[in-house]
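Given next are the chains, with one letter for each unit.
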Amino acid sequence: MSSAQATDLPAGAGPGRVLGTLLVLALFLGGLFWIGKGLFVSGVDGAAKQREYFGERALPFGLALDSAVRLPGGDALVRFARAGGDSGPTDAIFLELESRGAAEAMLRASIEDGPAGAAMRLKEWERDKAFGWHMTKKRGDIQWGEWSSKLLIERSYAKGGGWKEEARVNLSAPTRALVLLTHWPAETPVDEQALRELLAAVVLAPPGA
């Protein structure tokens, strides 16, 4: 994250490491990983992380601390879920990665992407919805206040019908590798203005502090 332009981070993690982190994250969000919670994860001080991310101010959109864990491999995941309200993201997840290269990899477009390929895949899905798939809806920059960083919006189409969107923002700095992930209600596109409001509430210490 930078005040003038998006931070360009060097790649430092192999595809296997990145895919492993994303797989663990998917299991977490689906609720499956709780089965092995005691064996595979350890607790993180969620209240301290909330102060680190937001200071003493109230969280926007009715978000409240939901969970904070350290995943296999050392990455930490802190999730804030919406306790009320009818607008904004349903949750905000801060994923602290061991590698800045892994953070950068999470902001790359889907392999299934490409205008022609995505259009054909969408037509196939609309015919019978017999499979699930995802595509990149947007990859670029997002600006809020004096800050700017990389933004990726992914849309996941579910087997049987329906879709959801996820926004990812790279909040990494020279001293940390951090990605913010937000999810939105079913069949609701990412509201970038609401996302900016959420980002404006984040008060991370500057690099090197």
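Heads up: these notes are all about the structure in this document. Quantities reported herein were computed from a predicted structural model and do not represent experimental measurements.

Another aspect to go through is the nonpolar core. The biggest cluster of nonpolar side chains holds 29 residues, and the ones touching the most others in it are Phe 54, Phe 94 and Leu 195. At five residues, helix α6 (residues 192-201) tops the list of elements feeding residues into this core. Apart from residues no more than four positions distant in its own chain, Phe 54 is found in contact with Leu 59, Phe 80, Phe 94, Leu 198, Ala 201, Val 202 and Val 203. Counting 15 residues, the second largest nonpolar core, distinct from the first, contains Leu 95, Leu 97, Met 106 and Leu 181.

Looking along a regular strand, one sees the side chains alternate between the two faces of the sheet. In this sheet, strand β2 (residues 63-70) lies alongside strand β1 (residues 42-43) in antiparallel orientation, the contact comprising two bridges. In the strand pairing of β2, Gly 43 is matched with Val 69. Alignment of β2 against strand β3 (residues 76-82), held across seven bridges, turns out to be antiparallel. Among the inter-strand pairings, Leu 63 is bridged to a residue of β3, identified as Arg 82. The hairpin turn running from β2 into β3, its antiparallel successor, is five residues long, and Gly 73 in that turn takes a positive phi close to 95°.

A few words on the sheet that holds strand β8 (residues 178-183). If you trace the eight strands from one edge of the open sheet to the other, you get β1-β2-β3-β4-β8-β7-β6-β5, paired in antiparallel fashion. Edge positions in the open sheet fall to β1 and β5 (133-144), since each of these has one partner strand only. Bridge count between strand β4 (residues 91-96) and β8: six bridges; the pairing is antiparallel. Across the sheet, Leu 95 pairs through a bridge with Val 179, a residue of β8. Here helix α5 (residues 115-128) sits on the sheet and contacts β5 and β6 (147-157); the angle it forms with β5, its principal contact strand, is near 130°.

Another point: the packing of aromatic side chains. The tally for this structure, following the rule as stated, stands at seven aromatic pairs. Judged by centre distance (6.4 Å) and plane angle (75°), the rings of Tyr 53 and Phe 80 are edge-to-face. Within this pair, whereas Tyr 53 is found in helix α3 (residues 46-54), its partner Phe 80 is found in strand β3, the two being separated by 27 residues in sequence. The exposure classification of Tyr 53 matches that of Phe 80, with both residues buried. By way of ring pairs, the aromatic residues Tyr 53, Phe 54, Phe 80 and Phe 94 are connected into one cluster. Above the plane of the ring of Trp 163 lies Arg 155, whose end atom (NZ or CZ) is 3.6 Å from the centre.

Rules behind the numbers
- Residues numbered from 1 in each chain as written.
- Predicted model: local features only at pLDDT ≥ 70, side-chain atom pairs only at ≥ 80, totals over all residues.
- Heavy atoms only, no water.
- Core = buried A, V, L, I, M, F, W, Y, C linked by side-chain atoms within 4.5 Å.
- Buried < 20%, exposed > 50% of the residue type's maximum accessible area, 1.4 Å probe, protein only.
- Helix = DSSP H or I, 4+ residues; strand = E, 2+ residues; numbered from the N terminus.
- Contact = heavy atoms within 4.5 Å.
- Pairing = 2+ DSSP bridges.
- Axes fitted to C-alpha atoms, helices over the stretch in contact; angles between N-to-C directions.
- Phe/Tyr/Trp six-rings, centres within 6.5 Å; stacked < 30°, edge-to-face > 60°.
- Lys NZ or Arg CZ within 6 Å of the ring centre and 35° of its normal.

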